[in-house]
Amino acid sequence: MLYIIEDTINGILMGSIYGLTALGLTIIFGVLKVINFAHGSLLMVGMYVAYWAVTLTGVNPYLALIIVVPVMFFFGYYLQDIVIQPIFKAEKNVREPITVIIVTTGIWYILDNLTLLIFGPQYRNLPDNPLRGKMLELGDMFISVPKLLGFITAVVTAAGIYWFFQKTRAGRAIRATSLDREAASLMGINQYKVYNVAFGIGTATAGIAAVTLIPFNNVFPTVGVLFDIKGFIIVVLGGLGSIPGALIGGIIVGLIESVGPQFMTATWTEAIVYGLFLIVLFVKPSGLFGQKYDW
Amino acid sequence: MQILNVTDMTKDFGGLRAVDNLSLSIEKGQILGLIGPNGAGKSTAFNCIAGVFAPSAGTITFNGERINGKKPWNLCKSGLARTFQIVKPFASKSVLYNVTVGAFIATRNRKTAEAKALAVLEELNFADKKDVQSGNLTIADRKRLEIARALATGPQLLLLDEVMAGLRPSEVDEMVAIIKHLRDSGVTVFVIEHIMRAIMALSDRIVVIQFGKKIAEGTPTQIASDENVIKAYLGEDYAVS
Amino acid sequence: MNRSQINTAAMAAILLVAFGVPLVIRSATYLHILVLLFFYAYLTTSWNLVGGFAGVLPLGHAAFVGIGAYTSTILSLQYGISPWLGMMVGGVLAAIVGVLIGLPTFKMRGAYFALATIAFAEGLRVMVENIDFLGPLNLNGPRGLQIPPMDTGFANFMFASKEPYYYIILILLIAVLALTWVISRSKLGYFLNAGGEEPEAAMALGVNVARSKLAAMAMSSFLTALAGTFYAQFTLYIHPKSIISLDLSFEIAFIALIGGRGSIAGPVLGALLLRPVSDFSRIYFGDTLPGMHLIIFGAVLILVMLYQPRGLQEPLTRAYRKLLDRWAKKTPEVASGGQDRSRGGEAHADS
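All of the points below concern the structure found in this document. Quantities reported herein were computed from a predicted structural model and do not represent experimental measurements.

## Considering helix 13 (residues 292-307) of chain C
With 16 residues, helix 13 of chain C should reach 22 Å at 1.5 Å per residue; the first-to-last C-alpha distance of 22 Å fits that figure. Residues of helix 13 of chain C that are buried include every one of C:Met292, C:His293, C:Leu294, C:Ile295, C:Phe297, C:Gly298, C:Leu301, C:Ile302, C:Val304 and C:Met305, and no others. The inward-facing, buried residues of helix 13 of chain C contact helix 3 (65-90) and helix 4 (98-119) of chain A together with helix 11 (246-259) and helix 12 (265-285) of chain C.

Here it is, written out as structure tokens:
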């Protein structure tokens, strides 16, 4: 019984981190109406940036955020501006910008393999990391400290971004653009700049998620792939474009992964996640909190 | 005989009642015009009849058969065709290809379909442009293509959704001639239009709706002098008195 | 000669060369490379029926390769059924699965559909990796299935040398290209194009868009599964990570996209251009610069989408037609009379 509570708590913690990784995906979709297939790779890049920031300067991973967040923001900003934007402009009138999906898939391939080329396939982790393996004892249960920190980070980040979009002028400008590009541009909002910023924010969020992950997750070139796929599942579950949805979707996945193995083998829980994904896609594609996307 | 009969049709979108107990009918071989201020519910009514969505209440019968909620492709096979207000050509394909798609409704054979498509194009004086990529056409030609495509399906009733929008006066006159020719060749036509001189010139009868309700019905002359209509919509210029 | 006659002659010449290659090239390595080249060309052409003509983006087609491979292999290993028969069974099974997937997903937006196909393919892979026995059928989980050497011969779909495999896949490729050409000029082809480009307009013209897409999907998955059996019989070893892999699904899609989906020649051209790149970079860069060919793929993909979204077949076809025109002018007129229409015997999906 105790194990189930412990698993549940860890599942929620890990799930919130999953939600954090998927947050960028949902933001980018919410604004650009594009599913960024390269999101996992961006997360991977964030992990490498964070890893090197920590290894070279020896600071606590969370302090490395100071470097990681701006670097990732500008990386995303210019990636959108230089590579994706031209396709966007070309597909302005197309109902479904499929080509953007294709391009982001290309970016995924390039990033993953370029990283492989430059850094090699080896798994890296932070050896002298103060957080590694640290556990918090709650009665007879062990709660992972890095995951707890990740949970807090996830909630704070999600809340912060939610506040940004709801309350600040810049955030509202972005939301306006996402609802109606032309109307927004008539109001003096440069829609393409908005897209760049939104992409930058999404990528920066991935950077934050990366920082929470490196204390306990290995860093290697294809680490993003699994998070990419999980990210899609999470945002579909929670609803594309919904920030609380991303967190909740992540927690659902996290719970299945941690509580599931009590009842079946770990790989079957993976199959369940996919199954759940497909069910949601078929039954309620807009997810739990998603925007009503006109079919 | 009545080819189309709409009885007490209502369409709600959540809390918004777009069409309110609308009734109208079209005699075979007629041209019926539907006018009304913007937002009156014309397109919604059209889309209900064309099978894009089902009405919330009421009955629509076509050739005596109830067609509520019937899918657009089945309606087309039954003889009810429509064009779109915002034209949707298959832009990457030629004019002939576009029209052939419509012509395939009656056959599996490509040569037969193409022949029919060519015949339709010739009927509309459009055959010279048959190999032009439809994405490169002018707006007036695109509108003609819309009609040609729909015509290739061999409809008994053709729904034209603001087919004059965006045309110059001379092009409007051409389009009026085309539609009259359609009627003469046996196709019943149901037109939504904003361009007054077109609808007045074309229609045998006109139905006027506002806020989803029918506010007047009659011949063009009657409509032009109907007080309600003038108040709602037409303006002094068109009042006949 | 007029243009269409030259084109036919050119096509015949290409066919002749293709059939004659094994008589000239005897090296098993090169034949192997060519077999795989045709294999990918076949896969992308089959993919094109859905991804090109139906206008959606399926990114999980490796699942059908897997279904084909596993079906025929299990039937052959456990029940002694001829792989040819197993191939057909696998194809039908794949077609059924394809339709089942298509039914709910074709209504979705493009991105969702792509995601659904990825989820399905990955889900299938995970399942196969974890199941050793499905009822009486032995799937052997992640270890995969190995086909032991049997008496060679047509009946067993097993041959000692590469040549028979070469001819089989070549014939399959030609068949699938011919099928694509026939479909592009048929009612289904027109309907698929229309439904893919402007579904609302198509529906108003009597096109049951969903049903056309399902028909395309059934055909595509059937054909793809056949290749799965071929692969199993060619390499004699199948396991989930190789045959139901996301990499394979993506590579198939990328090649078709770069070559030009929606056209007939596009996927084949894509394979002809990209597979050698892939092979060479693996051979020459394999150790020093691993994954280089995938970087090249990704970069080419992005560049093509930016500058030639309809694929490389567009400029190539134009150049080819110009060539045809120049030759037509040079050679004397054969009594064929009349205007040549570009429809001719050209195996290119025209407008």
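After that view, the rundown keeps rolling.
## Concerning the pairing of strand 2 (residues 141-144) of chain A
All names here are of chain A. Pairing of strand 1 (residues 135-138) with strand 2, which is carried by 4 bridges, proceeds in the antiparallel orientation. Looking at the pairing, leucine 138 lines up with methionine 141 of strand 2. Between the end of strand 1 and the start of strand 2, which pair antiparallel, lie 2 residues, with glycine 139 showing a positive phi angle near 65°.

## Structural notes on the pairing of strand 4 (residues 57-62) of chain B
Residue and element names in this part refer to chain B. Both strand 1 (residues 2-13) and strand 4 contribute to a ladder of 5 bridges, which runs antiparallel. Counterpart to threonine 10 in the pairing with strand 4 is alanine 57. Here strand 4 pairs with strand 5 (residues 65-66) via 2 bridges, running antiparallel. The partner of threonine 61 across the bridge, within strand 5, is arginine 66. Counting the residues that bridge the hairpin from strand 4 to strand 5 gives 2 residues, and of these asparagine 63 lies at a positive phi of roughly 55°.

## Focus: the interface of chain B and chain C
Across the boundary between the two partners, chain B contributes 25 residues, which contact 18 residues of chain C. Residues of the side of chain B that touches chain C, tallied by class, amount to 12 nonpolar, 6 polar and 7 charged.

## Some remarks on the interface of chain A and chain C
Taken residue by residue, the interface counts 35 residues in chain A and 35 residues in chain C. Among the elements of the structure, helix 3, helix 4, helix 9 (223-238) and helix 11 (266-283) of chain A are those that each provide at least two residues to the side of chain A that touches chain C. No other element matches helix 4 of chain A, which puts 14 residues into the side of chain A that touches chain C. A class-by-class count of the residues in the side of chain A that touches chain C yields 27 nonpolar, 6 polar and 2 charged.

## Observations concerning the nonpolar core
Counting residues in each nonpolar core, the largest one holds 277 residues, and the members touching the most others are A:Ala50, A:Ala198 and C:Ile169. Looking at this core, the element that brings in the most residues is helix 9 (residues 209-235) of chain C, giving 16 residues. Sequence-distant contacts of A:Ala50, defined by excluding residues within four places in its chain, comprise A:Pro61, A:Ala64, A:Val68, A:Ala210, A:Val211 and A:Ile214.

## Let's talk about the sheet that holds strand 1 of chain B
Residue and element names in this part refer to chain B. Strand order in the open sheet formed by 4 strands is 2-1-4-5, with antiparallel pairing between adjacent strands. Taken across any chain shown, the strands that pair with only one partner, and hence form the sheet edges, are strand 2 (16-27) and strand 5. In the sheet, strand 1 pairs with strand 2 via 8 bridges, with the strands oriented antiparallel. When the bridges of strand 2 are listed, asparagine 5 appears paired with serine 25.

## Notes on the sheet that holds strand 6 (residues 80-82) of chain B
Residues and elements named next belong to chain B. Taken together, the 6 strands give an open sheet; going across it, the order is 6-7-8-3-9-10, and neighbouring strands pair in mixed fashion. Two strands lie at the open edges of the sheet, namely strand 6 and strand 10 (213-218), each paired on one side alone. Ignoring which end each strand starts from, the neighbouring axes of this sheet average 20° apart. Across the face of the sheet, helix 6 (residues 169-184) comes into contact with strand 3 (31-35), strand 7 (157-161) and strand 8 (188-192) while running at roughly 150° to strand 8.

## A word on the packing of helix 1 (residues 2-32) of chain A against helix 10 (residues 243-259) of chain A
Residue and element names in this part refer to chain A. Direction vectors running N to C along helix 1 and helix 10 enclose 140°, while the axes themselves pass 6 Å from each other. In terms of axis orientation, helix 1 runs oblique to helix 10. Judged by the twist between their axes, the crossing of helix 1 over helix 10 is right-handed. Of the residues belonging to the contact of helix 1 with helix 10, the class tally is 14 nonpolar, 12 polar and 2 charged.

Reading guide: rules and limits
- Residues numbered from 1 in each chain as written.
- Chains lettered and ligands numbered in written order.
- Predicted model: local features only at pLDDT ≥ 70, side-chain atom pairs only at ≥ 80, totals over all residues.
- Helix = DSSP H or I, 4+ residues; strand = E, 2+ residues; numbered from the N terminus.
- Expected span 1.5 Å × (residues − 1).
- Buried ≥ 20, exposed ≤ 12 C-beta atoms within 10 Å, placed from the backbone.
- Contact = placed C-beta atoms within 7 Å.
- Pairing = 2+ DSSP bridges.
- Nonpolar A, V, L, I, M, F, W, Y, C, P; charged D, E, K, R; others polar.
- Core = buried A, V, L, I, M, F, W, Y, C linked by C-beta atoms within 7 Å.
- Axes fitted to C-alpha atoms, helices over the stretch in contact; angles between N-to-C directions.
- Parallel < 35°, antiparallel > 145°, perpendicular 65-115°, else oblique.
- Left-handed = near helix turned anticlockwise from the far one by under 90°.

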